[in-house]
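Working through the structure, step by step
Given next are the chains, with one letter for each unit.
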Amino acid sequence: MSKPVIATASLAGCFGCHMSLLDIDERILGLIDLVEFNKSPIDDIKTFTKPVDVGLIEGGCCNSENVEVLRSFRKNCKVLVSVGECAIMGGLPAMRNGIPIRECLEEAYLNSPTVDPEDRLIPNDEDLPIILDKVYPCHEVVKIDHFLPGCPPSADLIWEAVTALVEGRPLQLTYDLIKFD
Amino acid sequence: MTQEKEIVLQHPKDPSALLDVIRDVQTRLGHVPEEAVSRIAAHLKLSEAEVRGAVTFYHFFSLTPRGASTVYLNDSITSRMNGRTAVARAFEEEADCRFGEVSPDGRVGLSSTSCIGMNDQEPSAIVDGVVFTKLSPDKARAIVRGLRDGTPASGLVAEFGDGANQSSLVRAMVSNNIRKRGPVLFGPHEPGAAVRKAVSMTPEQVIDEVKKAGLLGRGGAGFPTGLKWEFCRREKAPERYVVCNADEGEPGTFKDRVVLTELPGLLFEGMAVAGYAVGARTGVLYLRSEYAYLRAHLEAVLAGLRKEGILGKRIAGSPKFSFDIVIKSGAGAYICGEESALLESAEGKRGEPRDRPPFPVQAGYLDRPTTVNNVETLATAARIVVEGAAWFKAMGTPKSAGTKLLSVSGDCARPGVYEVEYGLSIAELLDMAGAPEAKAVQVGGPSGTCVSKAGYQRKICFSDLPTGGSVIVFGPDRDIFEVVENFMEFFVEESCGWCTPCRAGNVLLKKKFEKVAHGKGTEGDLRDLEAWGKLVKATSRCGLGQTSPNPILTTMQNFPELYEARIQKGRDFVPEFDLAAAIQDGCAAANRRPACKEADHE
Ligand SMILES: Cc1cc2nc3c(=O)[nH]c(=O)nc-3n(C[C@H](O)[C@H](O)[C@H](O)COP(=O)(O)O)c2cc1C
Ligand code: SF4
Ligand code: SF4
Ligand code: FES
């Protein structure tokens, strides 16, 4: 019987949630026995090559590419999980949400003291993703089935959730896993 | 000496004077500039953060200029139902600025504010403390022109309302709109009779009479008044206080306004009776800032009572009992109607609710045992002492004795104040108010219940439909979703921000509700609304968060067909997110073509 397939993506996140996934220590060997990875920065597979059972999303959507990736995950994954504060609520990147995007771009690329005066330009190459008016949590863009809280969620929490999902057990996030102080 | 310094130095070096100093600076300079913040902090030995925290907490204070004159236009649902949009546009056109801004010449600032207690005469606004009611676009323009020409706001009031609104100390265009006078509040009362009767009894007898009468608090929570007084009296303390809650902030309530205008003597007697009962020498009337136009009138009534020996030292012939009343002003914050937040505000701080216990009867104003009572409760208690418990108990229902003042507004022929016996059905009330076609009735304000036709036989009383007094009628053409949205905006605006379920939960509820209202909702979204609403109610610290989901929850319960019709049935998920709209600003800023193709993944 073939192993359950997992895919992961980092959208507008810091990769901290992926780090936390790797932080499961020696259990990573067990994980490799248990599942197969498809599209993911962990194995560097860039495109989906088969149907995926569980998709893990780190980060919210801050640009058009994030939206495309997230939608492709929804299309290719049976179960989709928002992992961490950024995916769930926008997180730190969403601190810009109160400021009009034009002001953010002008501050970063035109007015910041470190900008070379010769070089004042808001990046406009057609190949660049287009920045969104604000950072959106994943569940406002596609249907999300589960949410793993934390910044980042602890390795134990991710381990518990991923093993439960691939083994078809109900998610049991006990108090000690979601208590942060 | 700078103006800031001059103003600040006029006040005592007492941190509890913080709001008074800020109010003075705000009134004279139109805002609280940075220099004033540091001056006030230094003068009162507070941190600048504390001063800034207080300024930003209240609607009527501001760190940035609000214009030489400021228009605060009421944003309640009844205001909107009566043409607020056109009035707001007229203000903006004439002042040449948007709401939230100041006119280019700096003369006029425009601001929105929550219900100002004029729901029976909307749209209304407060301009430099002066109330303007029943505004039209023409009147709005005339106000801006007048202010620009240097006429003070009081000079722009053309006609005065009825009763004491005409008196030389009020001179307000506010109408009382008393539609039904009942036997308790509006019954015949001989000035001084309540205090004289009380001091002829023992304090325990007074408490007993109020307990036997079955008087329950009229401010919303319905706590037995006699019991509250007894708890307060039992606390051992060198000093106790009576605080009258005249914050009347629940949108749609304005009956306390009418008591304060027409029956202040009865209210002050009630405070003295409460003072006698609990053993207090001082009463504090916490008057919402929106009613500041009544302050001179109230001070004059207090002075009159002192002259007649009904207030002051050894009053009403008593050899021992002295009692006097001071007035403290709010500064625009609904949460300051919550009793512990009110106490914080009366002590000159941000009006954030306190943790309980200790309850105010144990440690209230200045940490002393305090009974906080609503205006109507105290006035009613004064009448009970005179007429006796049996007289009172004979009215209303067995569990809700006596009468209640209702503030009726919205789509009805006769908006105004009605004193009715408890047990009145909604249908009977609608009949009195002239609203045969009502499609929904909001009982108890946004924090109360939205009743549909199916519930018109329900009764106004503590065991069925309790209300602090607010009754808003919605006619057949009103969109209930617009009403709910307005109420949720109100709670988002008024949450003090202390607890996350209330501060963030109400924003999330409002967003989710809007998704449904915009036709992008699913059955799952309705389940979320219900679950989140229950969560916010269960985990919030004070009554605001414990009731704020009610506009959504009670309409879901009583108008399920409206929600059914709005959602997309059979669909698992409908996003409100629109990629084309979300990239527009980014493209414009970078000067790019919106070349983003909507990938078809779903
Ligand atoms: C958010 C909030 C606002 C309130 N606003 C008022 C108010 O404006 N007037 C009032 O009398 N009670 C108000 N209350 C109720 C008071 O906390 C308190 O119960 C009441 O003043 C007690 O007086 P009573 O026993 O005479 O009703 C409010 C409560 C909450 C939670
Ligand atoms: S949730 Fe925290 S760890 Fe995860 S991507 Fe966001 S910032 Fe990084
Ligand atoms: S429930 Fe809301 S208003 Fe009440 S204390 Fe909490 S944040 Fe403040
Ligand atoms: S720490 Fe900020 S909300 Fe909990």
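Residues numbered from 1 in each chain as written. Chains lettered and ligands numbered in written order. Predicted model: local features only at pLDDT ≥ 70, side-chain atom pairs only at ≥ 80, totals over all residues. Heavy atoms only, no water.

Brief notes about the overall build of chain A
On a plain count of helices and strands, chain A comes out with 7 helices and 7 strands. Counting from the amino terminus, chain A carries its helices and strands in the arrangement β-α-α-β-β-β-α-β-α-α-β-β-α-α. Taken over the C-alpha atoms alone, chain A extends approximately 60 × 40 × 30 Å along its principal axes. If you take every contact in chain A between residues at least 6 apart in sequence, the share linking residues at least 24 apart comes to 75%. Accessible area of chain A: about 9,400 Å², with a carbon and sulfur share of 56%. Across chain A, the mean location of the 16 positive side-chain charges is 7 Å away from that of the 29 negative side-chain charges. (Helix = DSSP H or I, 4+ residues; strand = E, 2+ residues; numbered from the N terminus. Contact = heavy atoms within 4.5 Å. Areas by Shrake-Rupley, 256 points an atom, 1.4 Å probe, with all protein chains shown as cover. Lys, Arg positive; Asp, Glu negative; His and termini not counted. Charge placed at Lys NZ, Arg CZ, Asp CG, Glu CD.)

Observations regarding a positive patch on the surface
Residues Lys 134, Lys 139, Arg 179 and Arg 414 of chain B make up a contiguous surface patch of positive charge. As for its placement among the helices and strands, Arg 179 of chain B is situated in strand E5 (residues 178-180). (Patch = residues over 30% accessible without salt bridge, like charges linked within 9 Å, V, L, I, M, F, W, Y side chains within 5 Å. Salt bridge = Lys/Arg side-chain N within 4 Å of Asp/Glu carboxyl O.)

Overview of the domain arrangement of chain B
All names here are of chain B. Parsing chain B into structural domains produces domain 1 (3-57), domain 2 (69-163), domain 3 (182-393), domain 4 (403-472) and domain 5 (480-566). Inter-centroid distance (C-alpha atoms) of domain 3 to domain 5 is 34 Å. Taken residue by residue, the interface counts 13 residues in domain 3 and 8 residues in domain 5. By the criterion of area lost to domain 5, the three top residues of domain 3 are Tyr 334, Ile 335 and Pro 353, representing 50% of everything that side buries. Connecting domain 3 to domain 5 are 1 salt bridge. With a closest N to O distance of 2.8 Å, Arg 541 and Asp 355 form a salt bridge. Applying the counting criterion to the domain 3 and domain 5 interface returns 3 residue pairs in polar contact (both at pLDDT 80 or more). (Domains from an automatic or database assignment. Buried area = accessible area lost by both parts, 1.4 Å probe. Polar contact = N/O pair within 3.5 Å; in protein donor to acceptor, adjacent residues only side chain to side chain.)

Observations regarding the packing of helix H20 (residues 505-517) of chain B against helix H21 (residues 523-539) of chain B
Helix-helix packing is characterised by the crossing angle of the two axes and by the distance between the axes. Residue and element names in this part refer to chain B. Their axes nearest at 10 Å, the elements H20 and H21 cross at an angle of 160°. It follows that H20 is roughly antiparallel to H21 by the angle criterion. Where H20 crosses over H21, the two elements pack in a sense that is left-handed. Between H20 and H21, the residues in contact are Gly 505, Asn 506, Leu 508, Leu 509, Lys 512, Phe 513, Lys 515 and Val 516 and Asp 525, Leu 526, Asp 528, Leu 529, Trp 532, Gly 533 and Val 536, respectively. Along the lines of polarity and charge, the residues of the contact of H20 with H21 split into 8 nonpolar, 3 polar and 4 charged. (Axes fitted to C-alpha atoms, helices over the stretch in contact; angles between N-to-C directions. Parallel < 35°, antiparallel > 145°, perpendicular 65-115°, else oblique. Left-handed = near helix turned anticlockwise from the far one by under 90°. Nonpolar A, V, L, I, M, F, W, Y, C, P; charged D, E, K, R; others polar.)

Considerations on the site of ligand 1
Residue and element names in this part refer to chain B. Gly 219, Asn 245, Glu 339, Asn 374 and Thr 377 are the nearest of the 19 residues found near ligand 1. Gly 249 is positioned with one of its backbone polar atoms (N or O) 3.2 Å from an oxygen atom of ligand 1. Within the complex, the protein chains bury 90% of what would otherwise be the 600 Å² of accessible surface of ligand 1. Mapped by element, the contributors of at least two residues to the shell around ligand 1 are strand E9 (370-374) and helix H22 (543-547). (Near = heavy atom within 4 Å.)

Some words on the sheet that holds strand E1 (residues 69-74) of chain B
All names here are of chain B. Read across the sheet, 4 strands follow the order E2-E1-E3-E4 without closing on themselves; strand pairing throughout is mixed. Both edges of this open sheet fall to strand E2 (108-113) and strand E4 (130-132), since each of them pairs with a single strand only. For this sheet, the mean inter-axis angle between neighbouring strands, taken without regard to orientation, is 25°. With 3 bridges connecting them, strand E3 (residues 125-127) and E4 associate as antiparallel partners. Each bridged residue has a counterpart across the sheet, and for Ala 125 the counterpart in E4 is Phe 132. (Pairing = 2+ DSSP bridges.)

Quick notes on a nonpolar patch on the surface
On the surface, Met 19, Leu 22 and Ile 42 of chain A cluster together into a nonpolar patch covering about 270 Å² of accessible area. For Met 19 of chain A, the location among the structural elements is in helix H1 (residues 16-22).

Notes on the sheet that holds strand E6 (residues 241-246) of chain B
Residue and element names in this part refer to chain B. Here 4 strands make up an open sheet; going across it, the order is E8-E7-E6-E9 and the pairing parallel. Of all strands in the sheet, those with a lone pairing partner are strand E8 (324-329) and E9, marking the two edges. Taken pair by pair, the neighbouring strands of this sheet meet at an average axis angle of 25°, ignoring direction. Sheet contacts for helix H12 (residues 264-278): E6, strand E7 (282-287), E8 and E9; angle to E6, the most-contacted strand, approximately 150°.

Some points on the environment of Gly 423 of chain B
Relative to the elements of secondary structure, Gly 423 of chain B occurs in the loop between strand E11 (416-421) and helix H17 (426-433). If sequence neighbours within four positions are ignored, Gly 423 of chain B has contacts with Thr 397, Glu 428, Lys 459, Ile 460 and Cys 461 of chain B.

Some words on the pairing of E9 of chain B
Residues and elements named next belong to chain B. Among the 5 residues in E9, 5 count as buried, and that is most of the element. The side-chain alternation of E9 yields two buried faces, one formed by Thr 370, Val 372 and Asn 374 and the other by Thr 371 and Asn 373. Bridge count for E6 against E9 is 5 bridges, and the pairing is parallel. Across the sheet, Val 242 pairs through a bridge with Thr 371, a residue of E9. (Buried < 20%, exposed > 50% of the residue type's maximum accessible area, 1.4 Å probe, protein only.)

Considering the pattern of salt bridges
Opposite charge on two side chains makes pairing possible when the charged atoms of those side chains draw close. This model, assessed by the stated rule, comprises 53 salt bridges over all chains. Residue Asp 156 of chain A is joined to Arg 27 of chain A by a salt bridge in which the shortest nitrogen-to-oxygen separation is 2.8 Å. Here Asp 156 of chain A, found in helix H6 (residues 155-167), pairs with Arg 27 of chain A, found in helix H2 (residues 27-34); they are 129 residues apart in sequence, far enough to count as distant. You can call Asp 156 of chain A partly exposed: its relative accessible area is 40%. Glu 230 of chain B is paired through a salt bridge with Lys 211 of chain B; the nearest N and O atoms lie 2.9 Å apart. Placement of Glu 230 of chain B in helix H10 (residues 225-234) and of Lys 211 of chain B in helix H9 (residues 203-213) is noted, with a sequence separation of 19 residues between them. Three or more residues joined by partner-sharing salt bridges are found here, namely Glu 93, Glu 94, Asp 138, Arg 141 and Arg 145 of chain B.

A short note on the packing of aromatic side chains
All names here are of chain B. A full pass over the atoms with the stated rule returns 17 aromatic pairs over all chains. Taken together, a centroid distance of 5.0 Å and an interplanar angle of 75° make the contact between Phe 57 and Tyr 58 edge-to-face. Phe 57 gets classed as buried once you look at its relative accessible area, which sits at 13%. Site record: aromatic cluster; members linked through ring pairs are Phe 57, Tyr 58 and Phe 61. Geometry around Phe 99 places Arg 84 over its ring, the cationic atom sitting 5.6 Å from the centre. In this arrangement the basic side chain of Arg 566 is found over the ring face of Phe 481, its NZ or CZ atom lying 4.1 Å from the centre. (Phe/Tyr/Trp six-rings, centres within 6.5 Å; stacked < 30°, edge-to-face > 60°. Lys NZ or Arg CZ within 6 Å of the ring centre and 35° of its normal.)

Focus: helix H14 (residues 339-346) of chain B
All names here are of chain B. Buried residues dominate H14, accounting for 7 of its 8 residues. All buried positions along H14 are accounted for by Ser 340, Ala 341, Leu 342, Leu 343, Glu 344, Ser 345 and Ala 346. Those residues of H14 that are buried lie in contact with helix H2 (18-29), E6, E7, E8 and E9. Following H14 by one or two positions, Gly 348 adopts a phi angle in the positive range, close to 90°.

Regarding the environment of Glu 93 of chain B
Residue and element names in this part refer to chain B. Its place among the elements puts Glu 93 in helix H6 (residues 84-95). A relative accessible area of 51% places Glu 93 in the exposed class. Along the sequence, Glu 93 and Arg 141 sit 48 residues apart, while their C-alpha atoms lie 8.2 Å from each other. Polar contacts involving the side chain of Glu 93 include one to the side chain of Arg 141, which spans 3.0 Å.

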